[in-house]
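Architecture and fold: a report
Next come the chains, spelled out residue by residue.
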Amino acid sequence: MEWEKKRFRKMFPNIYGELEGDIFPSVIDHLERCESTEQAEEVIDYFVRTGEITEEYGYLLKKSGVLKEIISSRKHGEYTKRGLK
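Residues numbered from 1 in each chain as written. Predicted model: local features only at pLDDT ≥ 70, side-chain atom pairs only at ≥ 80, totals over all residues. Heavy atoms only, no water.

For the rest of this paragraph, the subject is the overall build of the chain. In terms of regular secondary structure, the chain is built from six helices and zero strands. Out of the 85 residues in the chain, the part that is buried amounts to 24%. Contacts in the chain between residues far apart in sequence, at least 24 positions, make up 47% of those at least 6 positions apart. Per element, the accessible surface of the chain, about 7100 Å² overall, is 52% carbon and sulfur. (Helix = DSSP H or I, 4+ residues; strand = E, 2+ residues; numbered from the N terminus. Buried < 20%, exposed > 50% of the residue type's maximum accessible area, 1.4 Å probe, protein only. Contact = heavy atoms within 4.5 Å. Areas by Shrake-Rupley, 256 points an atom, 1.4 Å probe, with all protein chains shown as cover.)

On to the pattern of salt bridges, then. Enumeration according to the criterion identifies one salt bridge in this entry. Between Lys62 and Asp45 there is a salt bridge, with its nearest N and O atoms 2.5 Å apart. With Lys62 in helix α5 (residues 55-63) and Asp45 in helix α4 (residues 37-49), this residue pair connects regions lying 17 residues apart in the sequence. The class of Lys62 is partly exposed, set by a relative accessible area of 29%. (Salt bridge = Lys/Arg side-chain N within 4 Å of Asp/Glu carboxyl O.)

Next up on the list: the packing of aromatic side chains. On inspection of all chains with the given rule, the structure shows two aromatic pairs. Each ring, one from Phe8 and one from Phe12, has its centre 5.2 Å from the other, and the planes form 45°; the classification is tilted. Aromatic pair Tyr46 and Phe47: ring centres 5.9 Å apart, planes at 90°, arrangement edge-to-face. Overall, Phe47 belongs to the buried group, its relative accessible area being 6%. (Phe/Tyr/Trp six-rings, centres within 6.5 Å; stacked < 30°, edge-to-face > 60°.)

Laid out in structure tokens, this is it:
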């Protein structure tokens, strides 16, 4: 089944943006969904291992106090950042 580009974009704007390269979830987006520090560290390790972030950035995320503030700041189904709608 083929989709009309315009219709697909209207029905699924976030997926369309990802496919077109406009929007791509960052490590921060993934960390916002984590429920624990251990889970967040696993996500960081994955991003370092795959080369999507540097080891230095991964270390900074783990050791800075920001990680605890980021964890669980976005729930399942929330696709927009706070303050942006």
